[in-house]
Amino acid sequence: MKINTEGIKSFIPTQTIEDLIVSESNAPESRIRDIIAKSLAKNRLNPDETAALLSVKDPELREMILQGARDLKKQIYGNRIVLFAPLYVGNECVNDCVYCGFRISNKECERATLSKEQLIQDTKSLIDVGHKRLIMVYGEHPIYSPEYIAETVQTVYDTKHDNGEIRRVNINAAPLDIEGFRIVKSAGIGTYQIFQETYHEETYKKLHPRGPKSSFLWRLDSLDRAMQAGIDDLGLGALMGLYDWKFEVLALLYHTIHLEERFGVGPHTISFPRIEPAIGTEFADNPPHRVSDEDFKLLVATLRLSVPYTGLILTAREPVEIRDEVLEYGVSQIDAGSSIGVGDYAHKDDESRKKSQFVLGDTRSLDDVIYELAKGGHIPSFCTSCYRAGRTGEHFMEFAVPGFVKRFCTPNALLTFAEYLHDYSSERTKAVGMKLIEQETAKIEDDNMRSSVMEKLAQMKAGTRDLYY
Ligand code: SAM
Ligand code: SF4
């Protein structure tokens, strides 16, 4: 693949963003109220409005924003949380991103790439705890070619074990050219996710000193190329801690607007990971723009309100207490039971951290996370139905089609949750989960839908699997 940035122009207006952060600070309460109301009426916010939310310092006004995000989540998305796991395929990397444990200059990183047999073993381990959705993660290296990525995705889809299988594979991999994206798409991937890391070009250049990733523009343009290759299910993100988080949130919004304007469709998901410590990586112990927990809450709530139609992903980088709280501000997907060392799911040992990209904050098992979610009234969902039924862009439909959540999302969450409880859960999770399913089924207003769900739940109990609407 040849990197060619000719003709690519940045759509990130650096100076405008810096100016907005200054000019929109100290917005009065009435303006903050109006902006929240605009979002609750299902409108994407404009950059000046997002800047006003981000700049709020007054604790009461901040609380109003958090409440706005809670309300939006409740009104549009309900109480489901989609669960997935990351699967690290290989940590070879030719880049030197200063914050990452996989960077080429890190002598403490033990390099590993799963063989086909190991990939099958790891996939089986994930299937055996109940996972249905994965994100496969790759370093950047010539061996992880588009053909290789497509082949590994196919291997995962082909792996079946007992009642289980992986039904949706998303990928997080280095940017490809259009032809490369076509090859990857042909393996039936769900979302193609890539993080710009920082949208501040000058900072980006310092933190990515060598390798193909040193080209800011090639990376910035990657989702455009994916879209041109026919992948319209895209995940944006920025790594929080490299530059001012307010700048990054506004830049994520500008990226969203760019995709909307050029392709008529915005991102499917947005991620906002904070930097975590990594082996042999001093930079990550003390990132220059660390985001405090309080600011992180405002960051998530502001993103929720700014792009109401997009799914928000919160990863196990965050500690349990933060995850529990931030879930309420509009997060739609979390990973659980995650391991991020190459080959860890099948064989975890004391050396695993040397093959890991960074250190996780939430190391609970999938079953423990599910138990806590269900106890808190959230319906854990492994739903993959829209993607398999050809209803792509489910988040947009949830958002735009009246009644969509009631007709598809909630029933499918209940069915996939029941499947998990029958096949994989502990007794304590099953007890709490079955009760929640009963309560939530009783709440379904439409009589036909309610009896249909009850019928499918009974079929599930009798042994049928993979039922969905
Ligand atoms: N190598 C590909 C790339 O850089 O796009 C894809 C995979 S990379 C393993 C996935 C993401 O992990 C990166 O985009 C980066 O945002 C994140 N990451 C790297 N180092 C991290 C750290 N120390 N803490 C948290 N996230 C980190
Ligand atoms: Fe390589 Fe990605 Fe890590 Fe950068 S973030 S060193 S490209 S694995």
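Remember, predicted model here, so these are calculated numbers, not experimental data.

## Considerations on the state of the cysteines
Then comes step 1: Enumeration over the complete set of coordinates arrives at 0 disulfides.
Then comes step 2: Looking at the unpaired C386, the closest cysteine sulfur is the one in C409, lying at 6.0 Å.

## Concerning the site of ligand 2
Then comes step 1: Near ligand 2 you find C93, N95, C97, C100, F102, R103, G139, K213 and Q357, and these make up its full shell.
Then comes step 2: When its residues are assigned to classes, the shell around ligand 2 shows 4 nonpolar, 3 polar and 2 charged.

## Some thoughts on the domain arrangement of the chain
Then comes step 1: Taken as a whole, the chain is organised into domain 1 (14-72), domain 2 (79-386) and domain 3 (395-461).
Then comes step 2: Residue-level contacts link 26 residues of domain 1 with 27 residues of domain 2.
Then comes step 3: Summed over both sides, the interface of domain 1 with domain 2 buries roughly 2,400 Å², with 73% coming from carbon and sulfur.
Then comes step 4: On the domain 1 side of the contact with domain 2, I17, R44 and L54 bury the most area, a combined 29% of that side's loss.
Then comes step 5: In this structure, the connection of domain 1 to domain 2 is made through 2 salt bridges.
Then comes step 6: The salt bridge involving E260 is made with R44; its shortest N-O contact spans 2.8 Å.
Then comes step 7: For the side of domain 1 that touches domain 2, the element with the highest residue contribution is helix 4 (residues 59-77), accounting for 7 residues.
Then comes step 8: Taken together, the residues of the side of domain 1 that touches domain 2 break down into 14 nonpolar, 7 polar and 5 charged.

## Structural notes on the site of ligand 1
Then comes step 1: The environment of ligand 1 is formed by 18 residues, the closest being N172, E197, K213, R219 and Q357.
Then comes step 2: Take Y138: an N or O atom from its main chain is 3.1 Å from a nitrogen atom of ligand 1.
Then comes step 3: A distance of 2.8 Å is found between an oxygen atom of ligand 1 and a side-chain nitrogen or oxygen belonging to K213.
Then comes step 4: The protein chains hide 96% of the 560 Å² of surface that ligand 1 would expose on its own.
Then comes step 5: Classifying every residue of the shell around ligand 1 gives 8 nonpolar, 3 polar and 7 charged.

## Remarks on the packing of helix 6 (residues 146-158) against helix 7 (residues 178-185)
Then comes step 1: Orientation of helix 6 relative to helix 7, taken along the N-to-C sense of each, is 15 degrees, at an axis distance of 8 Å. Taken as axis vectors, helix 6 and helix 7 run roughly parallel relative to one another. As for the relative orientation of helix 6 and helix 7, their crossing is right-handed in sense. Listed contacts from helix 7 to P146, E147, I149 and A150 of helix 6 are G180, I183 and V184.

## Points about the side chain of S385
Then comes step 1: Relative to the helices and strands, S385 resides in helix 16 (residues 385-388).
Then comes step 2: Engagement of the side chain of S385 in a polar contact is seen with the side chain of R391, the distance being 3.0 Å.
Then comes step 3: Within the structure, S385 has its side chain in polar contact with the backbone oxygen of Y469 (distance 3.2 Å).

What counts, and where the lines are drawn
- Residues numbered from 1 in each chain as written.
- Chains lettered and ligands numbered in written order.
- Predicted model: local features only at pLDDT ≥ 70, side-chain atom pairs only at ≥ 80, totals over all residues.
- Heavy atoms only, no water.
- Disulfide = S-S within 2.5 Å.
- Near = heavy atom within 4 Å.
- Nonpolar A, V, L, I, M, F, W, Y, C, P; charged D, E, K, R; others polar.
- Domains from an automatic or database assignment.
- Contact = heavy atoms within 4.5 Å.
- Buried area = accessible area lost by both parts, 1.4 Å probe.
- Salt bridge = Lys/Arg side-chain N within 4 Å of Asp/Glu carboxyl O.
- Helix = DSSP H or I, 4+ residues; strand = E, 2+ residues; numbered from the N terminus.
- Polar contact = N/O pair within 3.5 Å; in protein donor to acceptor, adjacent residues only side chain to side chain.
- Areas by Shrake-Rupley, 256 points an atom, 1.4 Å probe, with all protein chains shown as cover.
- Axes fitted to C-alpha atoms, helices over the stretch in contact; angles between N-to-C directions.
- Parallel < 35°, antiparallel > 145°, perpendicular 65-115°, else oblique.
- Left-handed = near helix turned anticlockwise from the far one by under 90°.

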